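Secondary and tertiary structure notes
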Amino acid sequence: MKIALVMLAAGNSRRFGSNKLLYEIEGKPMYLLTLEKLKKASEKIPESEIIVVTQYEEIVKKAGEMKIPVFINPRPEDGLMSVRDTDACLFTVSDQPWLEADTVVALTELFENEKKGMACIRWNGKTGNPCIFGQKYYEELMEISGDKGGKKIIKKHPEDVAYLQIRNARELQDADEPDVFTAGNLR
């Protein structure tokens, strides 16, 4: 199975107050933690490639150093068009710094084994990123806009979704506000 691992790193961080993707966690910018985990996961996923969608020059530069293709927002659809020959696309966001590489690998294995058109991670009934969409959903993905579009497709076709139950709710947590990093909220 040929799969694209697409990291979305183009948000405006309105609630965060500054560019949250550059916020340092464990001595690294948040986006880089996610990108490194995708890189680690891709080493265990045959026929996978990573693509970054962003509007930030620092992320473009770092991805270039890592030899990872970048598509500049506001044309993220170019990223999907570039991988239309893949069997599936996994979409993840770069503000989930606690997502684990092994979870990405397990999700791709679930997708391949279950033979469903989509797969997502889940914790206590809450679905989140990353999500995988099979090629049969590429046309629908191209028609959506905004950051909630993928969920519309999942809700429209619930019978065609496989769910990976994760063991740590922290993996689903995105860093939309700075208080997520206070001592009481850290893992």
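These notes cover the structure that comes with them. Owing to the predicted nature of the structure, the values given are computational and were not obtained by experimental measurement.

About the thresholds
- Residues numbered from 1 in each chain as written.
- Predicted model: local features only at pLDDT ≥ 70, side-chain atom pairs only at ≥ 80, totals over all residues.
- Heavy atoms only, no water.
- Axes fitted to C-alpha atoms, helices over the stretch in contact; angles between N-to-C directions.
- Helix = DSSP H or I, 4+ residues; strand = E, 2+ residues; numbered from the N terminus.
- Parallel < 35°, antiparallel > 145°, perpendicular 65-115°, else oblique.
- Left-handed = near helix turned anticlockwise from the far one by under 90°.
- Contact = heavy atoms within 4.5 Å.
- Phe/Tyr/Trp six-rings, centres within 6.5 Å; stacked < 30°, edge-to-face > 60°.
- Buried < 20%, exposed > 50% of the residue type's maximum accessible area, 1.4 Å probe, protein only.
- Lys NZ or Arg CZ within 6 Å of the ring centre and 35° of its normal.
- Expected span 1.5 Å × (residues − 1).
- Pairing = 2+ DSSP bridges.
- Salt bridge = Lys/Arg side-chain N within 4 Å of Asp/Glu carboxyl O.

**Overview of the packing of helix H1 (residues 30-42) against helix H4 (residues 101-114)**
With their axes 8 Å apart at the nearest point, H1 and H4 run at an angle of 50 degrees to one another. It follows that H1 is oblique to H4 by the angle criterion. The hand of the H1/H4 crossing is right-handed. Between H1 and H4, the contacting residues are Lys37, Leu38, Lys40 and Ala41 on the first element and Ala101, Val104 and Val105 on the second.

**Notes on the packing of aromatic side chains**
Counted by the stated rule, this structure contains 1 aromatic pair. Ring geometry for Phe91 and Phe133: centres 6.1 Å apart, planes at 65 degrees, overall edge-to-face. Placement of Phe91 in strand S6 (residues 88-93) and of Phe133 in strand S8 (residues 126-134) is noted, with a sequence separation of 42 residues between them. Judged by its relative accessible area of 16%, Phe91 is buried. Residue placement shows Arg122 over the ring face of Tyr163; its charged tip is 3.7 Å from the ring centre. Here the guanidinium or amino end of Arg170 rests over the ring plane of Trp98, the centre of that ring lying 3.6 Å away.

**Structural notes on the side chain of Thr92**
Along the chain, Thr92 falls in strand S6. Exposure remark for Thr92: the relative accessible area of 0% places this residue in the buried category. Residue contacts for Thr92: discarding those within four places in its chain leaves Val6, Met7, Leu8, Thr34, Leu38, Leu99, Asn129 and Pro130.

**Considering H4**
Helix length check: H4, at 14 residues, gives a terminal C-alpha distance of 20 Å against a target of 20 Å (1.5 Å per residue), a fit within 8%. Of the surrounding secondary structure, the elements contacted by the buried residues of H4 are strand S1 (3-9), H1, S6, strand S7 (118-123), S8 and strand S9 (161-165). Looking one or two places after H4, you find Lys115, whose phi comes out positive at around 60 degrees.

**A look at the sheet that holds S1**
With mixed pairing, the 7 strands of this open sheet are ordered in space as S5-S4-S1-S6-S8-S7-S9. The two strands at the open ends of the sheet, each matched to only one other strand, are strand S5 (70-72) and S9. Each strand of the sheet is rotated relative to its neighbour by a mean of 25 degrees, with strand direction disregarded. As paired elements, S1 and strand S4 (residues 48-54) share 7 bridges and run parallel to each other. Across the sheet, Ile3 pairs through a bridge with Ser48, a residue of S4.

**Regarding the pairing of S1**
Across the 7 residues that make up S1, a large majority, 6, are buried. Of the pairings in the sheet, the one linking S1 to S6 comprises 6 bridges and is parallel in character. Residue pairing for S6: Val6 is matched across the bridge by Phe91.

**Concerning the pattern of salt bridges**
Evaluation of the coordinates by the stated rule reveals 7 salt bridges. Across the pair Glu36 and Lys28 runs a salt bridge whose closest N-O atoms are separated by 2.7 Å. With a relative accessible area of 29%, Glu36 lands in the partly exposed category. For Asp160, the salt bridge is made with Lys136, and the minimal N-O distance between the two is 2.9 Å. You can see Asp160 sitting in the loop between helix H6 (149-156) and S9 and its partner Lys136 sitting in the loop between S8 and helix H5 (138-143), a full 24 residues away along the chain. The exposure class assigned to Asp160 is buried, which follows from its relative accessible area of 10%.

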